[in-house]
6 protein chains.
Amino acid sequence: MRNLKIIKDYLLHPAGSVLIEQGKTKVICTAIIQDKVPPFLRNAEPAQGWITAEYSMLPGATNERFRRERSKVTGRTAEIQRLIGRALRAVVDLTKIPGYQIIIDCDVIQADGGTRTASITGGCVALYDAFQKMLKEKLIDENPLIELVAAISVGFQNGKVIADLDYEQDSQADVDMNIVMTESGEFVEIQGTAEGKTFDDKMLQEMLKNARESIAKLIEQQRKLYSEK
Amino acid sequence: MRNLKIIKDYLLHPAGSVLIEQGKTKVICTAIIQDKVPPFLRNAEPAQGWITAEYSMLPGATNERFRRERSKVTGRTAEIQRLIGRALRAVVDLTKIPGYQIIIDCDVIQADGGTRTASITGGCVALYDAFQKMLKEKLIDENPLIELVAAISVGFQNGKVIADLDYEQDSQADVDMNIVMTESGEFVEIQGTAEGKTFDDKMLQEMLKNARESIAKLIEQQRKLYSEK
Amino acid sequence: MRNLKIIKDYLLHPAGSVLIEQGKTKVICTAIIQDKVPPFLRNAEPAQGWITAEYSMLPGATNERFRRERSKVTGRTAEIQRLIGRALRAVVDLTKIPGYQIIIDCDVIQADGGTRTASITGGCVALYDAFQKMLKEKLIDENPLIELVAAISVGFQNGKVIADLDYEQDSQADVDMNIVMTESGEFVEIQGTAEGKTFDDKMLQEMLKNARESIAKLIEQQRKLYSEK
Amino acid sequence: MRNLKIIKDYLLHPAGSVLIEQGKTKVICTAIIQDKVPPFLRNAEPAQGWITAEYSMLPGATNERFRRERSKVTGRTAEIQRLIGRALRAVVDLTKIPGYQIIIDCDVIQADGGTRTASITGGCVALYDAFQKMLKEKLIDENPLIELVAAISVGFQNGKVIADLDYEQDSQADVDMNIVMTESGEFVEIQGTAEGKTFDDKMLQEMLKNARESIAKLIEQQRKLYSEK
Amino acid sequence: MRNLKIIKDYLLHPAGSVLIEQGKTKVICTAIIQDKVPPFLRNAEPAQGWITAEYSMLPGATNERFRRERSKVTGRTAEIQRLIGRALRAVVDLTKIPGYQIIIDCDVIQADGGTRTASITGGCVALYDAFQKMLKEKLIDENPLIELVAAISVGFQNGKVIADLDYEQDSQADVDMNIVMTESGEFVEIQGTAEGKTFDDKMLQEMLKNARESIAKLIEQQRKLYSEK
Amino acid sequence: MRNLKIIKDYLLHPAGSVLIEQGKTKVICTAIIQDKVPPFLRNAEPAQGWITAEYSMLPGATNERFRRERSKVTGRTAEIQRLIGRALRAVVDLTKIPGYQIIIDCDVIQADGGTRTASITGGCVALYDAFQKMLKEKLIDENPLIELVAAISVGFQNGKVIADLDYEQDSQADVDMNIVMTESGEFVEIQGTAEGKTFDDKMLQEMLKNARESIAKLIEQQRKLYSEK
């Protein structure tokens, strides 16, 4: 697994903000609190809040200039931001933030593979901090975060499992899998895609095993951010 | 599993066209051949073709009117059509259709759960027929289809695996999983999402087992369409 | 005139839904009731409801793939759906559906000329059924449908009037005329366009006469759908 | 009929440009020559050119501010500019302007009913002048204009035909009909719409008769613009 | 300086409307009153109104056809309409028009340089007239216009200052500067741009001096429009 | 003036990339080389390249979440990126980069006033580095950068000139002026706007003087980045 570095309180304005670096991949994740919920929750019973995510890439993040999505969002971006949102909602008790929406913005400063999984791992920290702020400001009474969540990519290359693929590895892997898992070792999301070659059950099980171990390490590092204080 | 019905040659104009009914879900899948490839493949070495998919829902397909996507495509639609495209490309040797793009259009006439998996299962048949037509018209020499592919949704509800969820079941399930598998029993795509509750490894394995059996039955029915003739 | 076939209650969810086939042209027409009116009617005196229409073509409906209108609607589509809406509103007493908007969705499954006129003829039946449902559910007290309405295309080719043109005939005709008429034989809409050659009064009168007779036959078949029950 | 005034050579830059005033309605019509044809004509046999139209309304043209169409064009605008284009193409031999497209821009400075018919009548004059310029500059050899064309609106109010309706009359009329006719008295386009009340054949014939007489007068005035010189 | 001509009450419907001609440049400026304010002012303390501007070019206004901005507005247009809005707001006491927004629409009929400055000079007259109308209709009690405002372009060509540049001069000038100034000789806006060559302080001072004198003349002519009556 | 910090080679992929911090304002500026020019330069004589800029704000950069510009770009953004582009082009000999376009992307990570001026100052350094890379890779023969350029905001508050305004000062200032100047002390751009109060010539001269001194200091720091190496 590549080197992981999470800098908390990276920016001045958002309730939570981190710079997460995983190898050469760098993502700014912020959590911003809004005191309104999306229309479909306005009359929800019981009242509940919402967590949503947006994902974007700076033009200079990639090898070839990444064109800004200024007239519409590509399918890839839509897919990634839906994944981040689902992953984070899975570890939050939304009834504990009634009337609030928290937007997790993930802006990739530099891309070298694994930007969506880094966004989830970093986004969880930003969200943690936003909830702490809400508790401190008495906007809510109880911590809505059920447990920590993190994500990793695993793949198969030349008959071997590899985890935390960089861009080079990712483009050569036969299978590309993104796993989101909680601190208690339960699955939140599994997305595995055959790239060129299909994969059998044995390969799947190996990847799942590796992902479980890798995520445990990531969550350990998330946890340390708070115990250290 | 719900009742499956596939009507081939459903429309006059497309190279391949089917109406697939899975329970009350009805999707028209067509395969249309274009003699050009997308820009990123123009100078590919070796030369290759492409398969892409579009997915849409008729306004009258759902219980509440489904608003037409006329100014932009939602994230859900983008996600689904990318899945269909990937699933079908996984069983095709693209170097055998150099210079051609085949567009698989999946239009949901009536929705009762499982529209994306039905689109893959039906889309594979439309694609099969389009390839037959290309062979017959000598546009290509060899059948590019490596093997058949089909897809199913599986879920977990009240501690039990259920397959081929209808809309009602889907909205109550704790886990929602879509599996795409080939005739030879290999995975093409696994997408599992915790809905409200996370899931453990045991649940995952049960769902995978059920999906494998269900897909085998679907592919048997696809196969029959051709042996019958 | 080509063979006409109308299948009622074609779909599960909409208040009214038909599959209309006129020759090889096939259109799904649905009528969906919404309990709100467009902004410009909110304070209308006396209170009234609204009927509007949307028209679309499946990509596989035409000989060359019909590109989905996902970022904007073409002028042709805009023109057609405005025509359908006007035609149906002309036979409805809108003050009898105060507070309701009914959307008529016309989705062309297969196109072989006359899709806009088939949409009107089929849309009228879907609307009839939606009104019956509203009466049954006591949403309204009286039937708002004043009389039935249907439409036909007529043209001039080689000095002869032809009615209900298929795609081939339509592209060769010198004049293309769409007529919408009520059960009582009054005009709702006349749209005649010189294609290549202008036309004189004699030709116009012949086309009008033919259209009148053709529409009478169409309405007879609409009427039969209800008397049979 | 309201007072008609056509000022030729109204603007400096376009090949043809007029200010047409019909009662209080004022429209600037320009004809601009481009040395390219739309994609669908690139390989036409025999080679031919094209005429297309755009229509727009200044915000201050109407009683309530008319919102600029800056993100999309409304159905009404699309319908009108298609009508203008068809009307003018009907009197032009497009094979005499191979390789050229002429855009007729109609910008309504002040609106008081009949803006689409004034656009056609004025657009024909702008087009005439553009053709003269092309002949003079030897871009073409023969005049492509077969004959003049003009348009008028007629309606029915309180049992009487009225022609050239202003905004007030137009919003109260039971029937609204736009007729486009050539100098030789042939029809180019007939668009009649029941507004509130349907109409019978007798009413139709009266409107057609009145339109024929009115258009003859308009064309007489167009003709005078050239004979006077 | 080129010849200036301002025709007041140019259109029927708007509260204020002028045709301003500066040399061959012609712009229609209208002022339309709306009884609502933009969202960001809804709870302003003290209550205030707003003035905003829109700018557009007719396709026939320029030498090459100016393409309509129908799907998005270019940066140039955005920049110009923001400038016009700021310039006019600078001479208005917005607290004297609480609850109202006035839209200044500037539509360029013919362009020969200086369209943005002519829009400001003409827009000020349209605004003046709209305020007079509001006073007369007792919508407001006091004249919100603090003083008149006008604008001019100045540039540097071959070592000499030139004012009120036409299109030809503008495209050859080394520096292009737009100055907006009040009746009392204070600056509202200064925008100077090096085109090809940078400029020194001496050149700047010369341009400012010339602009001051030119604007004084423009305001004199604005003033005359009212004293004459 | 606030503290200035420029970190060069901030990102891996772009030809030039800096993080510029001015007080609490932080902007990532990158320069990316493309081997094509915009359409309007394709046949330019003499051949020349182009420099253009894009500007964007991260959602977490501001106090209230800054909404992503995903369907259209606001007028403010359009204005800023045009300013950055013009400012940088003014110090480049475009005929020395024929066939190349360099895109300067300015992404504001944190905003506290002066983001557009910091973008110019930082963008100049990124551009310098991109040119060095082009020289090293022999894409070009001579350095196209004529001299360095930098920008500063100056304003007037309570009768005093202040330079390099932070957000707080900027929102209270009576005048807001952005000045772009070269190393040799010539003006590239002057944009001064009265905010609430107009300003006289004396104020203007004071602001210009202050801006000149401030920019000299900024350019000194830019210069140091290169002399140090």
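Here the residue index of a chain counts from 1 through its sequence in written order. Chains carry letters from A onward and ligands carry numbers from 1 onward, assigned in written order. Given that the model is predicted, a residue must reach a pLDDT of at least 70 before its local features are reported, and side-chain atom pairs must reach 80 or more before they are shown or counted; all residues, however, enter totals for whole chains, interfaces and linings. Excluded from the side-chain calculation are hydrogens and water; included are all heavy atoms of the structure.

Caption draft 1: Representation of the relation of the copies chain E and chain D within the structure. Overlay of chain E on chain D (RMSD 0.0 Å): rotation 180°, translation along the axis 0.0 Å. Here the copies are linked by what is in effect a two-fold axis. The contact rule is simple, with two residues in contact once any of their heavy atoms fall within 4.5 Å. Interface residue correspondence from chain E to chain D reaches 100%, placing this contact among same-surface, isologous pairings. The fit set for superposing copies consists of C-alpha atoms from residues with pLDDT of at least 70 in both; the fit itself is least squares.

Caption draft 2: Representation of the interface of chain E and chain D in the model. In this assembly, 36 residues from chain E lie in contact with 36 residues from chain D. Of the roughly 2,800 Å² buried where chain E meets chain D, counting both sides, 50% is carbon and sulfur surface. Accessible-area loss on putting two parts together, using a 1.4 Å probe and summing over both, is the definition of buried area adopted here. In terms of surface lost to chain D, no three residues of chain E exceed His13(E), Arg65(E) and Arg70(E), which account for 27% of the buried area on that side. When a carboxyl oxygen of Asp or Glu lies within 4 Å of a side-chain nitrogen of Lys or Arg, that pair is called a salt bridge. At the boundary of chain E with chain D, the tally comes to twelve salt bridges. Here Arg65(E) and Asp105(D) are joined by a salt bridge, their closest N and O atoms 2.7 Å apart. Whenever a nitrogen or oxygen atom comes within 3.5 Å of another N or O atom, the pair is scored as a polar contact, on the condition that within protein one atom can donate a hydrogen and the other can accept it, and that pairs from neighbouring residues in sequence are kept only if both atoms are in side chains. Counting across the interface, chain E meets chain D through 21 residue pairs in polar contact (both at pLDDT 80 or more). A run of DSSP states H or I qualifies as a helix once it reaches four residues; a run of E qualifies as a strand once it reaches two. Both are numbered from the N-terminal end. At the level of secondary structure, the elements contributing two or more residues to the side of chain E that touches chain D comprise strand S3 (25–34), strand S4 (50–57), helix H1 (75–89) and strand S5 (101–110) of chain E. At six residues, S5(E) tops the list of elements feeding residues into the side of chain E that touches chain D.

Caption draft 3: Summary view of the pattern of salt bridges. Counting across every chain of the model gives 108 salt bridges over all chains. Taking the shortest distance from any N to any O, the salt bridge between Glu79(D) and Arg86(C) comes out at 3.9 Å. Taken together, the residues span two chains, with Glu79(D) in helix H1 (residues 75–89) and Arg86(C) in helix H1 (residues 75–89). Each member of the pair, Glu79(D) together with Arg86(C), is buried. Of the charged contacts, one joins Arg68(E) and Glu54(D) as a salt bridge, the two residues approaching to 2.8 Å between their closest N and O atoms. Taken as a pair, Arg68(E) in the loop between S4 and H1 and Glu54(D) in strand S4 (residues 50–57) lie in two separate chains rather than in one. What makes Arg68(E) buried here is its relative accessible area of 14%. Shared partners join several salt bridges into a network, and the residues in it are Glu54(A), Asp105(A), Asp107(A), Arg65(F), Arg68(F) and Arg70(F). Accessibility here uses a 1.4 Å probe with only protein chains present; expressed as a share of the type maximum, an area under 20% marks a residue as buried, one over 50% as exposed, and anything in between as partly exposed.

Caption draft 4: Representation of the sheet that holds strand S3 (residues 25–34) of chain D. Residue and element names in this part refer to chain D. At least two bridges found by DSSP between two strands is the condition for calling them paired. Pairing is mixed across the open sheet formed by five strands, whose spatial order is S1-S2-S3-S5-S4. What marks the edges here is a single partner per strand, and that holds for strand S1 (4–8) and S4. Pairs of neighbouring strands in the sheet enclose a mean axial angle of 20°, with direction left out of account. In the sheet, S4 pairs with strand S5 (residues 101–110) via eight bridges, with the strands oriented parallel. Pairing of Tyr55 across the sheet is with Cys106, part of S5. An axis is simply a line fitted to the C-alpha atoms; with a helix, the fit covers only the stretch in contact. Between two such axes, the angle follows the N-to-C directions and lies from 0 to 180 degrees. In this fold helix H2 (residues 115–136) packs onto S1, strand S2 (16–22), S3, S4 and S5, with an angle of close to 35° to the strand it touches most, S3. Against the sheet, helix H4 (residues 201–227) contacts S1 and S2, and its axis sits at roughly 30° relative to S1.

Caption draft 5: How the structure looks around the interface of chain A and chain F. At the interface, 36 residues of chain A touch 36 residues of chain F. Between chain A and chain F lies a buried interface of about 2,900 Å² when both sides are counted; carbon and sulfur atoms form 50% of it. Of all residues in chain A, the largest losses of buried area upon contact with chain F belong to His13(A), Arg65(A) and Arg70(A), amounting jointly to 27% of the total for that side. Across the chain A-chain F interface, the total number found is twelve salt bridges. At the boundary of chain A and chain F, one finds 23 residue pairs in polar contact (both at pLDDT 80 or more). No other element matches the six residues that strand S5 (residues 101–110) of chain A contributes to the side of chain A that touches chain F. A class-by-class count of the residues in the side of chain A that touches chain F yields 15 nonpolar, eleven polar and ten charged. In the scheme used here, Gly and all other residues not listed as nonpolar or charged are polar, with Ala, Val, Leu, Ile, Met, Phe, Trp, Tyr, Cys and Pro taken as nonpolar and Asp, Glu, Lys and Arg as charged.

Caption draft 6: Representation of H1(D) in the model. All names here are of chain D. A helix is expected to span 1.5 Å multiplied by its residue count minus one. The end-to-end C-alpha distance of H1 is 21 Å, a good match for the 21 Å that 15 residues give at a rise of 1.5 Å each. The buried count for H1 comes to eleven of 15 residues, which makes it a mostly enclosed element. Residues Thr77, Ala78, Glu79, Ile80, Gln81, Leu83, Ile84, Gly85, Arg86, Ala87 and Leu88 constitute the buried set of H1.

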